[in-house]
Amino acid sequence: MSGRALSFGAMAEAYERFRPGYSAELFDRVTAYAEQPVRTALEIGAGTGKATRLFARRGVTVTATEPDAAMLAELSKHVPASVRTVRAAFEDLRPGERYGLVYAAAALHWTSPEGRWTRVASLLEPGAVFASFGGPIQPADPAVEEAVRAARAPFLESDGVPSPDGTPAGHAMQWPGTELQRSEWFTDVQQSVIERRLTMSAVDYVGQLSTVSAYLVLPASEQRQVFGRIMRVLPETVEVAADITVHLARRRQEP
């Protein structure tokens, strides 16, 4: 895994505090697509369990996988006891048990592209569902967004994660939907967006940035400088756009 992928553990408590959770609308969208009750799920890169608790508290038996011990320790504080945790990267999981749902919450881009979809398919029951969801959090006001961009520019050109397969931002189907459409293992690929608007204090907005991998891999002195610069250009409260892009696909009965 890349350095950015392994950078989150040191900020596990901040990740839990500042990252927003997921709404019931997401659960309803995934289960409506499944067209049958989802009883078991495997989560890829569970982090501190923001998505884990959404599914587990609605009766799904979740196996949460995460390579970082600190993130799993934080997750264990917040999820039902029914959740089974496995410290492992996705690539280290071995085929065995199959699930009604495999999902990744803002974590799939950290997995290796080599054999990704064959591995996902091996963990799914035929006809079962794969889901990936997430999206950037950024100021809703274009003027504030531009001020933040200018403040970070001496340190970072962008704080986002580029599309793993190079799909342009304006393309109708975004990654991982593009890869799912090309995979022999999956069909009925769908993409949708759950609109989400939040209000954060300036301090909490910068706290959220402190959990973003692009900043985490900067030297500590540069982190302090860039967060200070951003803090100075923010209003007291920040309206943010935090839309969730959802990709859904169904495992074929046979490839």
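All of these numbers come straight from a predicted model, not from anything done at the bench.

(A) Up close: the packing of helix 8 (residues 202-209) against helix 10 (residues 220-233). As a packed pair, helix 8 and helix 10 sit with axes 10 Å apart at the nearest point and diverge in direction by 150°. For the pair helix 8 and helix 10, the crossing hand works out as right-handed. Taken together, the residues of helix 10 that come into contact with helix 8 (itself represented by Ala 202, Val 203, Val 206 and Leu 209) are Phe 227, Ile 230 and Met 231.

(B) Up close: the nonpolar core. Judged by nonpolar contacts, the single largest core of 29 residues is most densely connected at Tyr 22, Leu 26, Phe 55, Val 62, Leu 101, Tyr 103 and Phe 133. Elements that contribute at least two residues to this core include exactly helix 2 (24-34), helix 3 (50-56), strand 2 (61-66), strand 4 (99-105), strand 5 (124-134) and strand 10 (244-251). Top element by residues in this core is helix 2. It accounts for 5 residues. Discounting residues that sit within four places of it in the chain, Leu 101 has contacts with Val 30, Val 38, Thr 40, Ala 41, Leu 42, Phe 55, Leu 124, Val 129 and Ala 131. By size, the runner-up hydrophobic cluster in this structure holds 23 residues, among which are Val 120, Leu 123, Leu 124 and Leu 180.

(C) Summary view of helix 10. An ideal rise of 1.5 Å per residue puts 20 Å on 14 residues; helix 10 measures up with 21 Å between its terminal C-alpha atoms. Buried residues of helix 10: Gln 223, Val 226, Phe 227 and Ile 230, and no others. Projection of helix 10 onto a plane perpendicular to its axis shows the buried side chains occupying an angular sector of 100°, all on one side. Exposed side of helix 10, more than 90 degrees from the buried face: Arg 224 and Arg 232 are the residues found there. Residues of helix 10 that are buried make contact with helix 6 (142-152), helix 8 and helix 9 (213-216).

(D) Inspection of helix 4 (residues 69-76) at higher detail. When we look at burial in helix 4, the residues that qualify are Met 71, Leu 72, Glu 74 and Leu 75. Summarising the axial view, the buried residues of helix 4 lie within an arc of 160°, below the 170-degree limit, and thus occupy one face. Considering only its buried residues, helix 4 is in contact with helix 1 (12-18), helix 3, strand 2 and strand 3 (84-87). Two or three places before Ala 70, at the start of helix 4, stands the capping residue Asp 68, its side-chain oxygen 2.9 Å from that residue's backbone nitrogen.

What counts, and where the lines are drawn
Residues numbered from 1 in each chain as written. Predicted model: local features only at pLDDT ≥ 70, side-chain atom pairs only at ≥ 80, totals over all residues. Heavy atoms only, no water. Axes fitted to C-alpha atoms, helices over the stretch in contact; angles between N-to-C directions. Helix = DSSP H or I, 4+ residues; strand = E, 2+ residues; numbered from the N terminus. Left-handed = near helix turned anticlockwise from the far one by under 90°. Contact = heavy atoms within 4.5 Å. Core = buried A, V, L, I, M, F, W, Y, C linked by side-chain atoms within 4.5 Å. Buried < 20%, exposed > 50% of the residue type's maximum accessible area, 1.4 Å probe, protein only. Expected span 1.5 Å × (residues − 1). Arc of directions from axis to C-beta. Polar contact = N/O pair within 3.5 Å; in protein donor to acceptor, adjacent residues only side chain to side chain.

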